[in-house]
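Residues per chain are reported as follows:
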Amino acid sequence: MPIKFEILAEDKLTHARAGLLHTPHGVIETPIFMPVGTGGTVKGMTQEMLEALGVQILLGNTYHLYLRPGHELIREAGGLHRFMSWPHPILTDSGGFQVMSLKSLGRVTEDGVEFRSHLDGSSHFLSPERAMEIQLALAPDIMMCLDECVEYPASHEALQRSVSLTTRWAKRAKEKVSGARCQVSGECAKQVSGVRYQVSEPAHQVSGEQVSGERSDLVGPDDSRALQTDTRHLTPDTLPSPDTRHLTPGTLPSPDTRHLTPDTFLSVPDTFPSLFGIVQGGTDKELRRQSAEQLLDLDFEGYAVGGLAVGEPKSEMYDIAEYTAALLPRDRPRYLMGVGTPEDLLEGVARGIDMFDCVMPTRNARNACAFTSEGKVIIKNARYARDERPLDPHCTCVVCRRYSRRYLRHLFVTGEMLGAILATHHNIHFYLDTMRRIRQSLLFGEFAEFHAGMRSKP
């Protein structure tokens with residue numbers, strides 16, 4: 001199996017667990033949040049910045065990459081890892097959610113989805129097999145089956161149709177991938193959809209340097225640990241000073257991958273992607289059970305909970321996530337798609353979820369909204385025009401160590417791109433730090449107390 005999931009700790013009072021997800025491009029410490037790199041980039045962030053923050057896996061968007069620049073171009077470049085110079089794990093979605101969100105441009109049939117591009121109106125067709133062909137060309141570590149995601153609220157009939165169609169599509173996707181995998185089984189450097197897959201000995205070394213990073217049993221990679229210098233307690237009042245006036249995020253210590261060239265991304269072995277199935281059923285528990293059972297019969301390498309965070313009340317989302325997670329195999333990773341706020345991550349982990357993704361930290365940052373330990377801060381508000389405090393006085397990120405709220409507000413009010421960059425950096429750090437703290441509490445057997453303490457905050 002291309003991926004392997006091992007559980008290191010489980011909370012006795014909730015369904016929370018901490019584990020390690022082994023992939024061809026590195027080991028992921030779960031529970032994990034995946035920043036969204038829609039078009040091969042996390043908006044406003046360089047790959048070096050993401051590595052310094054400790055990002056372990058990115059999410060790529062099949063729909064958008066298919067339309068632009070095109071999966072064939074990425075295949076010719078050697079796959080998405082090489083195309084975007086990212087040597088760490090990548091998960092690609094199927095494009096199903098985008099088709100649902102752009103429903104005025106598409107039509108669902110038994111064979112697949114007919115849709116018009118939101119870019120130029122050109123016509124396209126996405127079948128379960130086609131979704132797999134596109135993702136095989138992208139060559140991520142984890143692929144998602146094409147599914148039908150139904151908006152909330154939906155009738156029982158619509159949800160039933162969605163479950164049945166998603167299962168039939170999942171079976172077709174599994175057959176497509178199984179056929180492609182058979183072409184490389186027992187052979188090296190075989191061509192599948194034009195992407196070079198190697199199935200030689202499992203190693204994660206490039207020119208003698210480790211790409212994926214070493215296992216940590218307590219917390220994941222942390223930029224705050226890499227920055228234990230005299231500048232970590234800086235406040236706006238201390239600037240400028242001789243030792244810190246030239247400090248910028250670009251002075252962060254570079255990770256071991258700083259000298260990687262595009263050619264190194266072809267040398268990672270055993271890179272045939274794993275395939276996850278997606279459980280649908282809306283807020284109907286019986287349909288969720290049917291969907292899970294049907295997908296379990298197909299034996300996927302991981303399972304996602306789809307069709308949530310589409311308008312239903314938070315209480316229902318949490319309830320359905322917990323119910324569905326309990327139906328899924330203990331030894332496979334569980335992925336809650338498109339969720340959500342820092343509170344959602346905490347509650348999702350408590351209900352047995354291992355993986356999350358959401359555009360919220362990056363999209364909100366571009367709209368001057370920062371997540372902090374004291375709640376959301378809308379930095380464009382006039383109240384911050386003379387506020388010398390950092391975004392979050394309890395945050396250790398480089399943004400909060402150096403810049404004041406009044407300066408960040410100035411950047412947004414004047415339309416300077418640096419404002420969005422700094423806010424994005426902070427928000428991703430905040431999300432990753434939230435996950436690190438959750439994971440650490442699990443490994444120390446203190447998650448129940450941590451969970452209760454976080455829920456008691458205003």
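How each quantity is defined
Residues numbered from 1 in each chain as written. Predicted model: local features only at pLDDT ≥ 70, side-chain atom pairs only at ≥ 80, totals over all residues. Heavy atoms only, no water. Helix = DSSP H or I, 4+ residues; strand = E, 2+ residues; numbered from the N terminus. Buried < 20%, exposed > 50% of the residue type's maximum accessible area, 1.4 Å probe, protein only. Contact = heavy atoms within 4.5 Å. Areas by Shrake-Rupley, 256 points an atom, 1.4 Å probe, with all protein chains shown as cover. Axes fitted to C-alpha atoms, helices over the stretch in contact; angles between N-to-C directions. Left-handed = near helix turned anticlockwise from the far one by under 90°. Nonpolar A, V, L, I, M, F, W, Y, C, P; charged D, E, K, R; others polar. Pairing = 2+ DSSP bridges. Expected span 1.5 Å × (residues − 1). Polar contact = N/O pair within 3.5 Å; in protein donor to acceptor, adjacent residues only side chain to side chain. Phe/Tyr/Trp six-rings, centres within 6.5 Å; stacked < 30°, edge-to-face > 60°. Lys NZ or Arg CZ within 6 Å of the ring centre and 35° of its normal. Arc of directions from axis to C-beta. pLDDT = per-residue confidence, 0-100.

(A) Highlighting the overall build of the chain. For the chain, the count of helices and strands is 16 helices and 21 strands. In the chain, which comprises 458 residues, the share counted as buried stands at 54%. The contacts in the chain between residues at least 6 apart in sequence include a share of 69% that link residues at least 24 apart. Summing over all exposed atoms, the chain offers an accessible surface of approximately 19,500 Å²; the carbon and sulfur share of this is 50%.

(B) Molecular detail of the packing of helix α11 (residues 342-350) against helix α16 (residues 447-455). Viewed as axis vectors pointing N to C, α11 and α16 meet at an angle of 145°, and their least axial separation amounts to 11 Å. Considering the relative orientation of α11 and α16, their crossing is left-handed. Where α11 abuts α16, its residues Leu-346, Glu-347, Val-349 and Ala-350 lie against Phe-447, Phe-450, His-451, Met-454 and Arg-455. The residue inventory of the contact of α11 with α16, partitioned by class, reads 6 nonpolar, 1 polar and 2 charged.

(C) Highlighting the pairing of strand β1 (residues 4-10). In terms of strand pairing, β1 meets strand β2 (residues 17-23) through 6 bridges, oriented antiparallel. The residue bridging Ile-7 from the neighbouring strand is Gly-19, located in β2. Turn length for the β1-β2 hairpin, with the two strands adjacent in sequence and antiparallel, is 6 residues.

(D) Local environment of the sheet that holds strand β11 (residues 142-144). Strand order in the open sheet formed by 9 strands is β4-β19-β18-β17-β16-β11-β7-β6-β5, with parallel pairing between adjacent strands. With one partner strand each, in any of the chains shown, β4 (32-34) and β5 (36-37) form the two edges of the open sheet. Bridge count between strand β17 (residues 302-305) and strand β18 (residues 334-336): 3 bridges; the pairing is parallel. Within the sheet, the bridge partner assigned to Val-305 lies in β18 and is Leu-336. Across the face of the sheet, helix α9 (residues 285-296) comes into contact with β16 (274-279) and β17 while running at roughly 160° to β16.

(E) Helix α10 (residues 314-327), seen in detail. Its 14 residues place the ends of α10 20 Å apart at the C-alpha level, agreeing with the 20 Å of an ideal helix rising 1.5 Å per residue. Taken together, the buried positions of α10 are occupied by Met-317, Tyr-318, Ile-320, Ala-321, Thr-324 and Ala-325. Tucked inside the fold, the buried residues of α10 contact β16, α9, β17, β18 and α11.

(F) Geometry of unusual backbone geometry. Looking along the chain, the bond that leaves Arg-68 and enters Pro-69 is cis, with omega of 10°. For Ser-85, which is not glycine, the phi dihedral falls at a positive 55°. By secondary structure assignment, the location of Ser-85 is in the loop between α4 (80-84) and β7 (90-92).

(G) Main features of the pairing of strand β21 (residues 375-378). Relative to β21, strand β20 (residues 369-372) runs antiparallel, the two sharing 4 bridges. Pairing of Cys-369 across the sheet is with Ile-378, part of β21. The hairpin turn running from β20 into β21, its antiparallel successor, is 2 residues long.

(H) Structural detail: the environment of Tyr-152. Here Tyr-152 is to be found in the loop between β11 and α7 (156-184). Here Tyr-152 falls in the partly exposed class, since its relative accessible area comes to 32%. Distance from Tyr-152 to Leu-308, taken between C-alpha atoms, is 8.5 Å for residues 156 residues apart in sequence. Aside from chain neighbours lying at most four places away, what touches Tyr-152 is Thr-283, Val-310, Gly-311, Glu-312, Pro-313 and Glu-316. Polar side-chain contacts of Tyr-152 include one of 3.5 Å to the side chain of Glu-316.

(I) Seen up close, the packing of aromatic side chains. Within this structure, the stated rule accounts for 5 aromatic pairs. Among the aromatic side chains, those forming a connected cluster through ring pairs are Phe-33, Phe-371 and Tyr-431. Between Lys-174 and the ring centre of Phe-300, over which it is positioned, the NZ or CZ distance is 5.3 Å.

(J) Focus on α9. Compared with an ideal rise of 1.5 Å per residue, which puts 12 residues at 16 Å, α9 spans 16 Å between its outermost C-alpha atoms and is within 8% of the ideal. Restricting attention to buried positions, one finds in α9 the residues Leu-287, Arg-288, Ser-291, Ala-292 and Leu-295. What you see down the axis of α9 is that its buried residues fit within an arc of 135°, all on one side. Of the residues that open α9, the one with a side-chain oxygen 3.0 Å from the backbone nitrogen of Glu-286 is Asp-284.

(K) Inspection of the confidence of the model for the chain at higher detail. Across the chain, the average pLDDT comes to 85, with 80% of residues at 70 or higher. Scored below 50 in pLDDT, residues 187-259 shows 139 contacts in the model against residues more than four places distant or in partner chains.

(L) A look at the sheet that holds strand β3 (residues 26-30). An order of β1-β2-β3 is seen for the 3 strands of this open sheet, with the pairing classed as antiparallel. Each edge of the open sheet is held by one strand with a lone partner, namely β1 and β3. On average, each strand axis in the sheet is inclined to that of its neighbour by 15°, with strand direction left out of account. Against the sheet, helix α15 (residues 417-443) makes contact with β1, β2 and β3, and its axis sits at roughly 110° relative to β2, the strand it touches most.

(M) Representation of the side chain of Thr-23. Looking at the secondary structure, you find Thr-23 in strand β2. There is a polar contact of 2.7 Å between the side chain of Thr-23 and the backbone oxygen of Gly-26.

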